[in-house]
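# Working through the structure, step by step
Residue strings, one per chain:
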There are 2 protein chains.
Amino acid sequence: MNETVPRPTLEAVAARAGVSRATVSRVVNGSDGVREPLAERVRQAVEELGYVPNQAARSLVTKRHDAVAVVVAEPETRVFADPFFARQLRGISKELTAHDNQLVLLLTEDRDDHARVGRYLAGGHVDGALVISLHIDDPLPGLIQRAGVPTVFGGRPDFNGGVVYVDSDNRGGARDAVRHLLGLGRSRVAHITGALDQTSAVDRLDGFRDVMTDADPRLVVEGDFTPAGGERAMRELLDRRPDLDAVFAGNDLMAAGALRVLRERGRRVPDDVAVVGFDDMLPIAEQTEPPLTTVRQDIEGMGRLMARLLLRDLDRTGVPDEAVGGGPSSVVLPTTLIHRASA
Amino acid sequence: MNETVPRPTLEAVAARAGVSRATVSRVVNGSDGVREPLAERVRQAVEELGYVPNQAARSLVTKRHDAVAVVVAEPETRVFADPFFARQLRGISKELTAHDNQLVLLLTEDRDDHARVGRYLAGGHVDGALVISLHIDDPLPGLIQRAGVPTVFGGRPDFNGGVVYVDSDNRGGARDAVRHLLGLGRSRVAHITGALDQTSAVDRLDGFRDVMTDADPRLVVEGDFTPAGGERAMRELLDRRPDLDAVFAGNDLMAAGALRVLRERGRRVPDDVAVVGFDDMLPIAEQTEPPLTTVRQDIEGMGRLMARLLLRDLDRTGVPDEAVGGGPSSVVLPTTLIHRASA
DNA sequence: TTGAAAGCGCTAACAA
DNA sequence: TTGTTAGCGCTTTCAA
C-alpha cells in the first residue's frame, strides 16, 4: 500500500523530449513562447511518463500554494445538526475548485486548537483563509492577523477593524419578518434568539427590537440555533406569556422545534400563533407542519462569495492595496421573506 | 491585506543564534545531538524571529506532507441534509489533528470532478487519502489506485481487491433490528432501503432478507436515506400492504419521515406499526414522536479509525508490507440495538 | 556534537 | 524561441 515508485521529474521529461527543463516547465504551465512541434513533443513525453508536477517544489519558488484554509470555529456540536455549515462549505468548495484551489479544512474543537490553527496559518501552507461560524470574543481573528494571511470572514465579526466579511442582512431580514407578523394583525410578537455569542443572532435580535420598540422583555428568550433549544424557548415563552400570538425564531431549526411545542400545547399555527423562521433551510422549512414562512438567506452563495473575494485579493500579487482601491470590501447580502403557511 | 513581510528562514535563525543551519534544523525538528546551551540559544532565536518552518521546502526533501486528503464522493445533495457526513468528518479531523496532520477536503460534485481529484492525488500533495460516501460503480477507486496513494475507504467498496476499509456491521445490525420486530410478535415487517447504489444500503437489505427469508416483495421499497424519501416509501408501503405491522428503515432520517406518514395516516406507533431505524443519529432519533428504536453505529468512531489505520500505514515508511504482516486490514465495527419507544 | 555542502524539483531571470 | 543558471528553504549525509 505504500507508495514506492518515484515520480518522474521535469528533468526526466526534458530528457525524453530532448529539450531543456525550462521548455518543459513552459509547456506544463501553459506559457506561450514554445513553438508547436516542440510543445507537442513535450506533451507527449509528459503523457508517456505520467508526469505530474511536484507541488512542493513549485511552491518553494512561486510562494503560491493554490490552497485556501477554511477554519470552522465551531466548538459546539452544533455543526453536526445544522446544515448551515455544510451548505456554506459546499459553496466555498465549488468556488475554490472552479479556480483550481484546494480546500484545507481546519476544524477547531476547543481553545487548544487555536494555537495549532495559528501555527498552521503562519506556516505559509496556504495562500489565504476563510473563517466561518466565528463566535464573539474568539481569539482566532487575532491569531490570524498575526499570521499575516489574507482572510475573509463568513458573518460579521464582533469587532471593527479592516477585516473583510460576507454576511446576510440579518437585521433587515429580522425587521421584515417582524413587520410581516405585525401586518398580519399580531401584536404580541415573541422572539427566540439564536446563540447570542454569534453576531448573526445579535443582529436578528436588534432587528426584532427595531420594530418592536416597546416589547415586553418576557417576549424574548435566548435559544441556541438548535431544534431542542427552540422547543425549550417556546415552552418558556408560553409559560411567561400565554397570550402571545406570533413568534419570530432566529432560524428554521428553532422554528421547527417551536412548531412542535405549539402543536403539543394545542395552539393552531398560524391561527392562534403565527411563526416565522430564518434561513429558508430546505427541505426543513418546506416540511414543517405547517410549512414555514421564513427569511431566506443564500447560504451557499455566501460561501461562494467569500471564496471569490479572497481569490480576487490573492490575484493582485504584489500590487499594494492602495493602487487598486483598498482591496476587497465586505458584502452584506439581502434577504427575502418567503411566504408559506405558518404566518 | 496581502502578505508582504517575508518570513524569516532557517538561515536567519542560524545567523542570529550564531550557529549553522544544520544545527537549527536539528533543534527545530527535535532530533537530539545538540548540546543544551546551544539548543537554548537556537530556541530563543526562533522565538525572537517568530520563525515557522516553510513546509514546501521541507516536503521537497522529506517527501512527506503531513497532510491527508478526504474525498467525499457525494454527487447528491444528501450531504446537506444528512449529519452522517459531518460526523464522520469530525472523527477524521480529530484523529488527524491529534497526529499533526492536515485535512485537505476534496468534495466531488459530479463526474467531472473525478479527474481533478485524481490529478490532485497523483500530484503528491498528500501522504494518503480517506474516501467516504463512495457509490457503487464509482470510478474513483480506480483513479486512486492509479495515483498510488495509500487509501482507506469509509464503508465497504463494491469490489474486492486488497483495499482497506472501515465499516459497520450493516448486515448484522439489520438482522438484529428485524429479529427485534419479530420478537415483538410482528409478522408483516416492511423495509425501506437506503440508496441502493451504496453498499451500506445493500448490506442492510441483505440483513433484512436473511431474517425475512420469504418476505412479500411488496414489503420492500427503495428509499434514498432522506426524510422525504422515507415519507414517499412509507406511503407506498401502506398503499401496497395496508396490513403491515412493522417497518425497518435503512436510516433514522427515513424512519423519521415514515413516522410522520404513519401519524398522518392515523396509525399508532408502536401499537399498530412498530418502527426501527438505523444510525442512532442524535438528536434526531431521540426527538422523533415517539422516540426511535434504532441500530446504533459509531459514526465518529469510524472516522477516527479510518484516520488511524491510514496514519499507521503511513508511518511504516519504507518498510515493505510483507515485513509487518501485510499492512492494515479492514475493520467491521459492531452495532447495537437501542431500545426506545417506537418498537 | 557541530558545520559544510549537496541537492530535493521547480521557476524565472538572463543569455544566446 | 530556447537553453543555462541561479536559487527557493530545507534536510541530510559526510567530515571535522
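Residues numbered from 1 in each chain as written. Chains lettered and ligands numbered in written order. Predicted model: local features only at pLDDT ≥ 70, side-chain atom pairs only at ≥ 80, totals over all residues. Heavy atoms only, no water.

The name an unreviewed UniProt entry assigns to chain A is LacI family DNA-binding transcriptional regulator, from the organism Streptomyces marokkonensis.

## Digging into the protein's contact with DNA strand D
Rules: Whether a residue is near a molecule or strand depends on its heavy atoms: if one lies within 4 Å, it is near. Think of a polar contact as two N or O atoms within 3.5 Å of one another; within protein, one of them needs to be a possible hydrogen donor and the other a possible acceptor, and neighboring residues in sequence only count if both atoms come from side chains. Counting from the N terminus, the helices are the DSSP runs of H or I reaching at least four residues and the strands are the DSSP runs of E reaching at least two. Ten residue types, Ala, Val, Leu, Ile, Met, Phe, Trp, Tyr, Cys and Pro, are classed as nonpolar, four, Asp, Glu, Lys and Arg, as charged, and the remainder, Gly among them, as polar.
By nearness alone, 28 residues border DNA strand D, and Arg26(A), Arg35(A), Leu10(B), Arg21(B) and Tyr51(B) come closest of all. Close to the protein, within 4 Å, the atoms of DNA strand D belong to sugar or phosphate groups at a rate of 64%. Within the contact set of DNA strand D, a phosphate oxygen lies 2.9 Å away from a side-chain nitrogen or oxygen of Asn29(B). Secondary-structure elements contributing two or more residues to the surface near DNA strand D are helix 2 (21-28) and helix 4 (55-62) of chain A together with helix 2 (21-28) and helix 4 (55-62) of chain B. A total of 5 residues in the surface near DNA strand D trace back to one element, the largest contributor, which is helix 4 of chain B. Residues of the surface near DNA strand D, tallied by class, amount to 13 nonpolar, 8 polar and 7 charged.

## Looking at the side chain of Asp127(A)
Residue and element names in this part refer to chain A. Basically, it comes down to this: To sort residues, take the accessible area from a 1.4 Å probe on protein chains only and compare it with the maximum for the residue type: under 20% means buried, over 50% means exposed, and anything in between is partly exposed. By the counting rule applied here, Lys and Arg register as positive and Asp and Glu as negative, while His and the ends of each chain are not counted. Criterion for a salt bridge: a side-chain nitrogen of Lys or Arg within 4 Å of a carboxyl oxygen of Asp or Glu. We call two residues in contact when some of their heavy atoms are within 4.5 Å.
Note that Asp127 resides in the loop between helix 7 (112-122) and strand 3 (128-132). For the buried residue Asp127, which engages in no salt bridge, the nearest side chain bearing the opposite charge is Arg64, 4.5 Å off. A polar contact is formed between the side chain of Asp127 and the backbone nitrogen of His65, at a distance of 2.9 Å. For Asp127, the contacting residues outside a window of four places in its chain are Lys63, Arg64, His65, Asp66, Ala67, Asn101, Val149, Pro150 and Leu314.

## Focus: the side chain of Thr293(B)
Residue and element names in this part refer to chain B. Along the chain, the position of Thr293 falls in strand 10 (residues 293-296). Here the side chain of Thr293 touches Arg340 through a polar contact of 2.8 Å, landing on its backbone nitrogen. A polar contact is formed between the side chain of Thr293 and the backbone oxygen of Ala343, at a distance of 2.9 Å. Not counting residues up to four positions away in its chain, the partners in contact with Thr293 are His180, Val275, Val276, Gly277, Leu337, Ile338, His339, Arg340, Ala341, Ser342 and Ala343.

## What to know about the packing of aromatic side chains
This is how it is decided: For Phe, Tyr and Trp, rings pair up if their centres lie within 6.5 Å, where Trp contributes its six-membered ring, and each pair is then called stacked (planes under 30 degrees apart), edge-to-face (over 60) or tilted (otherwise). A ring is scored as having a charge over it whenever the NZ atom of a lysine or the CZ atom of an arginine sits within 6 Å of its centre and within 35 degrees of its normal.
On inspection of all chains with the given rule, the structure shows 4 aromatic pairs over all chains. Relative to Phe278(A), the ring of Phe248(A) lies with its centre 6.4 Å away and its plane at 50°, an arrangement referred to as tilted. Here the residue Phe248(A) occupies a position in strand 8 (residues 246-249), and Phe278(A) occupies one in strand 9 (residues 274-279), the gap between them amounting to 30 residues. By relative accessible area, which is 0% here, Phe248(A) ends up buried. Judged by relative accessible area, Phe278(A) falls into the buried class, the value being 0%. Ring geometry for Phe153(B) and Phe159(B): centres 6.4 Å apart, planes at 85°, overall edge-to-face. A relative accessible area of 30% places Phe159(B) in the partly exposed class. Over the face of the ring belonging to Phe278(A) we find Arg204(A), whose NZ or CZ atom lies 3.8 Å from the ring centre.

## What to know about the relation of the copies chain A and chain B
The line we're drawing: The copies were overlaid by least squares, fitting only the C-alpha atoms of residues that reach a pLDDT of 70 or more in each copy.
Rotating chain A by 180° about the axis while translating it 0.0 Å along that axis superimposes it on chain B, leaving an RMSD of 0.1 Å. Both copies are brought into coincidence by an operation consistent with a two-fold rotation axis. With an isologous cut-off of 70% or more, the 98% of interface residues of chain A that recur at the interface of chain B puts this contact in the isologous class.

## Examining the interface of chain A and chain B
To be explicit about the condition: Whether two strands pair comes down to DSSP finding at least two bridges between them.
Listed per partner, the contact involves 58 residues of chain A and 57 residues of chain B. Counting across the chain A and chain B interface gives 0 salt bridges. Summed over the shared surface of chain A and chain B, the result is 5 residue pairs in polar contact (both at pLDDT 80 or more). If you tally residues by element for the side of chain A that touches chain B, the top one is helix 6 (residues 83-98) of chain A, at 8 residues. Counted by class, the side of chain A that touches chain B contains 28 nonpolar, 13 polar and 17 charged residues. For strand 2 (residues 102-107) of chain A and strand 2 (residues 102-107) of chain B, the ladder comprises 3 bridges, and the chain directions are antiparallel. Bridge assignment links Leu103(A) to a residue of strand 2 of chain B, and that residue is Leu105(B).

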